[in-house]
Amino acid sequence: MALRKRTRSRLYQGTVYVVLGGLLLWMLIVTDWSAVQKQFANPEIAMQMLPGIITIGLKNTIVFTVVSFLGGLLLGIVLALMKLSSVGPFRWIATVWIELFRGLPALMTIFAFAFMLPIALKVQFPGGSVGAGLLGLICVSSAYMAETIRAGIQAVPKGQTEASRSLGMSPMKTMFFIVLPQGFRIIIPPMTNEFVLLLKDTSLMFIAGSTLYTKELTTFARDGISQFANSTPFVMAALLYLVVTIPLTRYVAWLERRMARQR
């Protein structure tokens, strides 16, 4: 019986490989490679996109990601502590904030900060509409990070808190020097995933408008497509996203395996 099961498993895997190989071969045969090269991998257009797509598009994408991540992290810590607070109003404010910005699409939030709030509140955000849109992205990321941080804090054994309190540490010192460092060690993988998601969400900044020097990758590629009537800029932007995201996702997978071994 064990042999028959093993045989069936091998036959099934072999069938899958044959089918996938046939599909790949069919695609290689029927694809018009000259048209693909002309429309999606035109070297002349690629050279015209360089180095701007890297020095402007990729640079701004990384800058927007880092700023929104750090801002969201700081705000997320405050929101997580407020939601865990014994003070009712703090918990209500944090809950409303988290549910609001997790419930709204990021695109709508960026649009609201870039165009609606300046009109409604008669305020000007630093950096104009781009700065306002970035603030909206910070608010969105803070809502997601707050829940991740809260889960990390609650995952720390209560004995750690009790031990630190028995040594005479205040509740605030216990939280910031004992609980938070251990909680962050637990949530490093999901926080790295959040960074990757933010990197891709910066493509939504186009709704806030941009100048020549504030374009992120997607906007830079979109303008290139309009200028050259060719999709090569889109492919270049996609490759640059992968250059950044694949190492990060591999790093997350390595962290998860390492933490699993430690547990």
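Preceding this section is the structure that the text describes.
These figures come from a predicted structure and were not determined experimentally. (Residues numbered from 1 in each chain as written. Predicted model: local features only at pLDDT ≥ 70, side-chain atom pairs only at ≥ 80, totals over all residues. Heavy atoms only, no water.)

Caption draft 1: Fine view of the overall build of the protein chain. Across its full length, the protein chain holds 12 helices and zero strands. Secondary structure elements in the protein chain, listed N-terminal to C-terminal, are α-α-α-α-α-α-α-α-α-α-α-α. Expressed as lengths along the three principal axes of its C-alpha atoms, the size of the protein chain is roughly 75 × 70 × 30 Å. Looking at the protein chain as a whole, 37% of its 263 residues are labelled buried. The long-range fraction of contacts in the protein chain, counting pairs at least 24 apart against all pairs at least 6 apart in sequence, stands at 76%. (Helix = DSSP H or I, 4+ residues; strand = E, 2+ residues; numbered from the N terminus. Buried < 20%, exposed > 50% of the residue type's maximum accessible area, 1.4 Å probe, protein only. Contact = heavy atoms within 4.5 Å.)

Caption draft 2: Local environment of the environment of Tyr213. Within the element layout of this structure, Tyr213 appears in the loop between α10 (188-201) and α11 (217-228). Put simply, Tyr213 and Leu20 are 193 residues apart on the chain and 45 Å apart in space, counted from C-alpha to C-alpha.

Caption draft 3: Spatial organisation of empty space enclosed by the protein. Tallied over the full model, the rule gives one cavity of 30 Å³ or more. Lining the largest cavity are Phe64, Val130, Met205, Phe206, Ala208, Gly209, Ser210, Thr214, Lys215, Glu216 and Thr219. Classifying every residue of the lining of the largest cavity by side-chain character gives five nonpolar, four polar and two charged. (1 Å grid on protein atoms, 1.4 Å probe; cavity = no way out; pocket = protein on both sides within 12 Å on 5 of 7 lines; lining within 4 Å. Points joined across faces, edges and corners; volume = space filled by probe spheres on them. Nonpolar A, V, L, I, M, F, W, Y, C, P; charged D, E, K, R; others polar.)

Caption draft 4: How the structure looks around the pattern of salt bridges. This model, assessed by the stated rule, comprises five salt bridges. For Asp223, the salt bridge goes to Lys215, with nearest N and O atoms at 2.7 Å. Take Lys215: its relative accessible area is 14%, and that puts it in the buried class. Between Asp223 and Arg222 there is a salt bridge whose closest N-O contact spans 3.8 Å. Taken together, the salt bridges that share partners define one network made up of Lys83, Arg102, Glu147 and Arg150. (Salt bridge = Lys/Arg side-chain N within 4 Å of Asp/Glu carboxyl O.)

Caption draft 5: A positive patch on the surface, seen in detail. On the surface, Arg185, Arg250, Arg257, Arg258 and Arg261 cluster together into a patch of positive charge. Element by element, the count of residues in the positive patch is highest for helix α12 (residues 232-262), at four residues. (Patch = residues over 30% accessible without salt bridge, like charges linked within 9 Å, V, L, I, M, F, W, Y side chains within 5 Å. Areas by Shrake-Rupley, 256 points an atom, 1.4 Å probe, with all protein chains shown as cover. Lys, Arg positive; Asp, Glu negative; His and termini not counted. Charge placed at Lys NZ, Arg CZ, Asp CG, Glu CD.)

Caption draft 6: Broad picture of the nonpolar core. Counting 41 residues, the largest nonpolar core has Met49, Ile53, Phe69, Leu73, Met145, Ile149 and Leu217 as its most contacted members. When contributions to this core are tallied by element, the ones reaching two or more residues are α3 (43-49), α4 (52-83), α6 (106-121), α7 (128-155), α9 (171-186), α10, α11 and α12. Among the elements that take part in this core, α4 stands out by supplying eight residues, more than any other. Those residues in contact with Leu217, other than ones at most four positions away along the chain, are Ile53, Gly57, Leu58, Thr61, Ala237, Leu240 and Tyr241. If you look at the next biggest cluster of nonpolar residues, it comprises six residues, including Phe101, Phe113, Phe125 and Ala143. (Core = buried A, V, L, I, M, F, W, Y, C linked by side-chain atoms within 4.5 Å.)

Caption draft 7: Molecular detail of the packing of aromatic side chains. Applying the stated criterion to the full structure yields five aromatic pairs. Centroid distance Trp97 to Phe101: 4.8 Å. Interplanar angle 55°. Geometry classified as tilted. Taken as a pair, Trp97 and Phe101 lie in helix α5 (residues 88-103) at a separation of four residues, close to a single helical turn. Its relative accessible area of 7% is what places Phe101 among the buried residues. Relative to Phe113, the ring of Phe101 has its centre 6.3 Å away and its plane inclined at 45°; by these criteria the two rings are tilted. You can see Phe101 sitting in helix α5 and its partner Phe113 sitting in helix α6, a full 12 residues away along the chain. One aromatic cluster in this structure is built from Trp97, Phe101 and Phe113. In this structure, Lys215 packs its charged tip against the face of Phe220, placed 6.0 Å from the ring centre. (Phe/Tyr/Trp six-rings, centres within 6.5 Å; stacked < 30°, edge-to-face > 60°. Lys NZ or Arg CZ within 6 Å of the ring centre and 35° of its normal.)

Caption draft 8: Local environment of unusual backbone geometry. The step from Leu50 to Pro51 runs through a cis peptide bond, and the omega angle for that step is -5°. Relative to the helices and strands, Pro51 resides in the loop between α3 and α4.

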